[in-house]
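Structure assessment
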Amino acid sequence: MSSAASRKTELWVDRVTELSEHEMAELCEATDAAIIEGGGFGWVEPQGRAALERHFRGAMLVPERELFVARLDGLVVGSAQLVRPPRNNEAQAFSASLTHAYIAPYGRGHGLARLMIRRVEERAAALGHRVLNLDVRETQEIAIGVFEGLGYIRWGTHPAYARVRGQTVAGHFYYKLLEPGRGRSTGQVMGLEVG
């Protein structure tokens, strides 16, 4: 067996506050590849490095946003963002949102999407959030399968959620209850279970 055949694929997900120029270039390339393939970011047409770099640098500056990047054998192949409510929204401070989650087509099939979502969930729970929300276009069937496979519950569908290449597309809305590492269960805190 050759050393290349026996080498294990390396998967890694990091929460980042800065990226090198090389990492930013990889992230922008992965993002455009995902956009071209039709999934995961909200843009319909590729944006190019300058626009994407402004987006990611801006996201890293917003206090309520955290950027996670997924790496396959060291190459940045995807990202996700954890969005927390602003401080003036105490009524919804128990929840957060997962947005802009995607893996470039050339990084799929290794379990990175699941790993990245779990890392976002772990971070949200560590910050005290008990609910993680997300929404996705109905056409993103692979992402829907991943989210549902990880226990996200669809609570609604918006029939006119997005416009993609002249077509109106429905969107599905999901949530997942997050369990803290210790203390009362989320069900107890939310009044969903007795005890």
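Residues numbered from 1 in each chain as written. Predicted model: local features only at pLDDT ≥ 70, side-chain atom pairs only at ≥ 80, totals over all residues. Heavy atoms only, no water.

**With respect to the pattern of salt bridges**
- Summed over the entire model, instances satisfying the criterion amount to 14 salt bridges.
- In this structure, Glu23 engages Arg71 in a salt bridge whose closest nitrogen and oxygen atoms are separated by 3.2 Å. Of the two residues, Glu23 is situated in helix H2 (residues 21-37) and Arg71 in strand S2 (residues 65-72); the sequence distance between them amounts to 48 residues.
- Take Glu23: its relative accessible area is 22%, and that puts it in the partly exposed class.
- Classification of Arg71 by relative accessible area gives buried; the value is 12%.
- Close ionic contact of Arg154 with Glu148 constitutes a salt bridge, the shortest N to O distance being 3.1 Å.
- Here Arg154 falls in the partly exposed class, since its relative accessible area comes to 38%.
- Connected through shared salt-bridge partners, Arg15, Glu66, Arg84 and Arg123 make up one network. (Salt bridge = Lys/Arg side-chain N within 4 Å of Asp/Glu carboxyl O. Helix = DSSP H or I, 4+ residues; strand = E, 2+ residues; numbered from the N terminus. Buried < 20%, exposed > 50% of the residue type's maximum accessible area, 1.4 Å probe, protein only.)

**Let's talk about the pairing of strand S3 (residues 75-83)**
- In terms of residue burial, S3 counts as a mostly covered element, since eight of its nine residues are buried.
- Where S2 meets S3, eight bridges bridge the pair, whose relative direction is antiparallel. By the bridge assignment for S3, Leu72 is matched with Leu75.
- In sequence, S2 turns back onto S3 through a hairpin of two residues, with Asp73 there showing a positive phi of about 50°.
- Strand direction decides the pairing type here: S3 and strand S4 (residues 95-103), joined by five bridges, are antiparallel. Bridging across to S4, Val83 finds its partner in Ser97. (Pairing = 2+ DSSP bridges.)

**Remarks on the side chain of Glu53**
- Note that Glu53 resides in helix H3 (residues 48-61).
- In contact with Glu53, other than residues within four places in its own chain, are Glu21, Met24 and Cys28. (Contact = heavy atoms within 4.5 Å.)

**Some remarks on the packing of aromatic side chains**
- On inspection of all chains with the given rule, the structure shows three aromatic pairs.
- Ring plane angle 70° and centroid distance 5.8 Å describe the contact between Phe147 and Tyr152, whose orientation is recorded as edge-to-face.
- Through a chain of ring-to-ring contacts, three or more aromatic side chains come together here, namely Trp155, Tyr161 and Phe173. (Phe/Tyr/Trp six-rings, centres within 6.5 Å; stacked < 30°, edge-to-face > 60°.)

**Quick look at H2**
- In a regular helix each residue adds 1.5 Å, so 17 residues correspond to 24 Å; H2 covers 24 Å between its end C-alpha atoms and thus fits that length.
- Turning to H2, its buried residues number three or more, namely Met24, Glu26, Leu27, Cys28, Ala30, Thr31, Asp32, Ala33, Ala34 and Ile35.
- Looking one or two residues beyond H2, the residue adopting positive phi is Gly38, at roughly 100°. (Expected span 1.5 Å × (residues − 1).)

**Some remarks on the sheet that holds strand S7 (residues 167-177)**
- Spatial ordering of the open sheet is given by S1-S2-S3-S4-S5-S7-S6, a layout of seven strands whose pairing is mixed. Edge strands, defined here as strands with exactly one partner in the open sheet, are strand S1 (11-16) and strand S6 (153-164). Here the average twist between neighbouring strands, direction ignored, is 25°.
- Its contacts with the sheet place H2 against S2, S3 and S4, and it is angled at close to 80° to S3.
- Across the sheet, helix H4 (residues 112-126) is in contact with S1, S2, S3, S4, strand S5 (131-137) and S7; its angle to S1 comes to roughly 35°. (Axes fitted to C-alpha atoms, helices over the stretch in contact; angles between N-to-C directions.)

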